[in-house]
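One-letter residues, chain by chain:
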Amino acid sequence: MTTVAYQGERGSNSATVARDLYPGSREFGCTGFEQALDSVTLGAADVAVIPVDNSAAGRVADVHHLLPESGLFIVAEYFLAIRFDLMGVPGTTLEQVECVRSHVHALGQCRKVLREGGWRTLVSDDTAGAAREVAELGDPRHAALSPPAAAPLHGLEVLRAGVEDDPDNTTRFVVLSRDAAIAPLDPHREEPTMTSLFFCVRNIPSALYKALGGFASSGVNLTKIESYQMGPGLNPSRFYVEIEGHPDEPHVALALQELRFFSSEVRVLGVYPAHPHRLRERTG
C-alpha cells in the first residue's frame, strides 16, 4: 500500500489530491511542508503531495526553498479546483456567526463573503483544521471556511456553499518521490512533457540573460521562473524554472547545454507528464 504524506488534516485540499491520485492509499498528515518532505526522505512515506502555487494567492511560501534541499524528485503534477464552504455546528444560522476561522490563504480567497457577513476572522494552521476546531468548540458563533469534504468528517452543517471569490480558483500540486521517475519521450502524447529544474548562474555580467537565451533561440516554452537569494550578502541568486519539453528532445537538450555553460549549478528536479489541465487552459 502506498503511503502518501501531505501537509494538513483529513478533509484538506491536499488530502483530496492524495486520494484522487492514490485511491486506497495510507494517508500521512503532517503539520508542515518540511515534515511531509522529511517523511519521504526518511522512508516513512512513499510520496509527498505538496501545493506549489495558487491562481489567486500565487506561490506557496517556503516550498521552493525546501525542494532543492530535500533531495527528492518531482514525478507528477495535479491541478485542483479550489472550493470553500462556510460551515458551522448543526442548527447554526448565519445571523449567529460572529467569527470565521480558516487558513490565511483561504481567508484571502473568500473576502467577498467575509465582507458581506462583517465577521471577524481567526487564522488556523489548516483549512480542514479550522473545521475541526469549530466542531470541538460546539459554539454557533464560530464558523469555518473549509473544503467541502471537511463538513461530514467533523459533523458540521454547510451554511453557504461555494463561497470562494474566484470560480476558477485552482491550486497546482506536485508529487515528490525519493527516486526519479523520468517520463519517457513520447512524440505522440497530446500533453507536453514538463521539466522542472534549479540553476545558479555564474557571478558574471549578463549571466542570467545569457543562460536563458538558449530557451528563446531553441524555441523552448518557459512556463515559470522564480528567483531565490542564497544566504545574505551578494551571493548569486538561485532560480527555479519549469519548461515545456523533454531533455532528450534536441531543441531542449541544446537549450540546457547553453544554460549549463553560464551556470555554476544546474539540477533537474523532475521530468513528468503535463496534467490535462494545461491543455484545457491552452485550448480555452
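Structure: see above.
Residues numbered from 1 in each chain as written. Predicted model: local features only at pLDDT ≥ 70, side-chain atom pairs only at ≥ 80, totals over all residues. Heavy atoms only, no water.

**Quick look at helix α2 (residues 33–41)**
When we look at burial in α2, the residues that qualify are Phe33, Ala36, Leu37, Ser39 and Val40. For α2, the angular spread of buried residues about the axis comes to 155 degrees, placing them on one side. In the core, the buried residues of α2 are packed alongside β1 (3–7), β2 (26–30), β3 (47–54), α3 (63–70) and β11 (170–177). (Buried < 20%, exposed > 50% of the residue type's maximum accessible area, 1.4 Å probe, protein only. Helix = DSSP H or I, 4+ residues; strand = E, 2+ residues; numbered from the N terminus. Arc of directions from axis to C-beta. Contact = heavy atoms within 4.5 Å.)

**A short note on the pairing of β3**
Within β3, eight of the eight residues are buried, which leaves it mostly tucked inside the rest of the structure. Pairing analysis gives seven bridges linking β3 to β11, with the strands arranged antiparallel. Residue pairing for β11: Asn54 is matched across the bridge by Thr171. The pairing of β3 with strand β4 (residues 58–59) spans two bridges and is classified as antiparallel. Looking across to β4, one finds that Asp53 is bridged to Arg59. Connecting the antiparallel pair β3 and β4 is a turn made up of three residues. (Pairing = 2+ DSSP bridges.)

**Here's the deal with the state of the cysteines**
What we call a disulfide is simply a covalent bond connecting the sulfur atoms of a pair of cysteines. For the coordinates displayed, the defined rule picks out zero disulfides. Cys110 supplies the cysteine sulfur nearest to Cys99, a cysteine that is in no disulfide, at a spacing of 15 Å. (Disulfide = S-S within 2.5 Å.)

**A word on the packing of aromatic side chains**
Counted under the stated rule, the structure contains three aromatic pairs. Between Phe198 and Tyr240, the aromatic rings sit 5.1 Å apart at their centres with planes inclined by 55 degrees, giving tilted as the arrangement. Taken together, the residues Phe198 in strand β12 (residues 193–201) and Tyr240 in strand β14 (residues 237–244) connect sequence positions 42 residues apart. Measuring from centroid to centroid gives 5.2 Å for Phe199 and Phe239, while their planes differ by 20 degrees, and the two rings are stacked. One end of the pair, Phe199, is in strand β12; the other, Phe239, is in strand β14, and 40 residues separate them in sequence. In terms of burial, Phe199 and Phe239 fall into one category: buried. Against the face of Phe261 rests Arg202, its NZ or CZ located 5.9 Å from the ring centre. (Phe/Tyr/Trp six-rings, centres within 6.5 Å; stacked < 30°, edge-to-face > 60°. Lys NZ or Arg CZ within 6 Å of the ring centre and 35° of its normal.)

**Some words on the sheet that holds β14**
What holds strands together in a sheet is hydrogen bonding between their backbones, with the strands either parallel or antiparallel. Taking strand neighbours across the sheet as the criterion, the four strands line up as β13-β14-β12-β15 in an open arrangement whose pairing is antiparallel. Only two strands of the sheet have a single partner each, and these edge strands are β13 (221–229) and β15 (263–273). Each neighbouring strand pair of the sheet contributes to a mean axis angle of 15 degrees, computed without reference to strand direction. Here β12 pairs with β15 via nine bridges, running antiparallel. Directly across from Val201, in β15, lies its bridge partner Ser263. (Axes fitted to C-alpha atoms, helices over the stretch in contact; angles between N-to-C directions.)

**Some details on the pattern of salt bridges**
Summed over the entire model, instances satisfying the criterion amount to 16 salt bridges. With a shortest N-O distance of 3.2 Å, Glu133 and Arg101 are connected by a salt bridge. In this pair, Glu133 sits in helix α6 (residues 127–137) while Arg101 sits in strand β7 (residues 99–102), placing the two residues 32 residues apart along the sequence. Connected through salt bridges with shared partners, the residues Glu69, Arg238, Glu265 and Arg267 form a single ionic network. (Salt bridge = Lys/Arg side-chain N within 4 Å of Asp/Glu carboxyl O.)

**Observations concerning unusual backbone geometry**
Phi at Ser206 takes a positive value of approximately 65 degrees, unusual for a residue other than glycine. Checked against the element boundaries, Ser206 lands in the loop between β12 and α8 (207–217).

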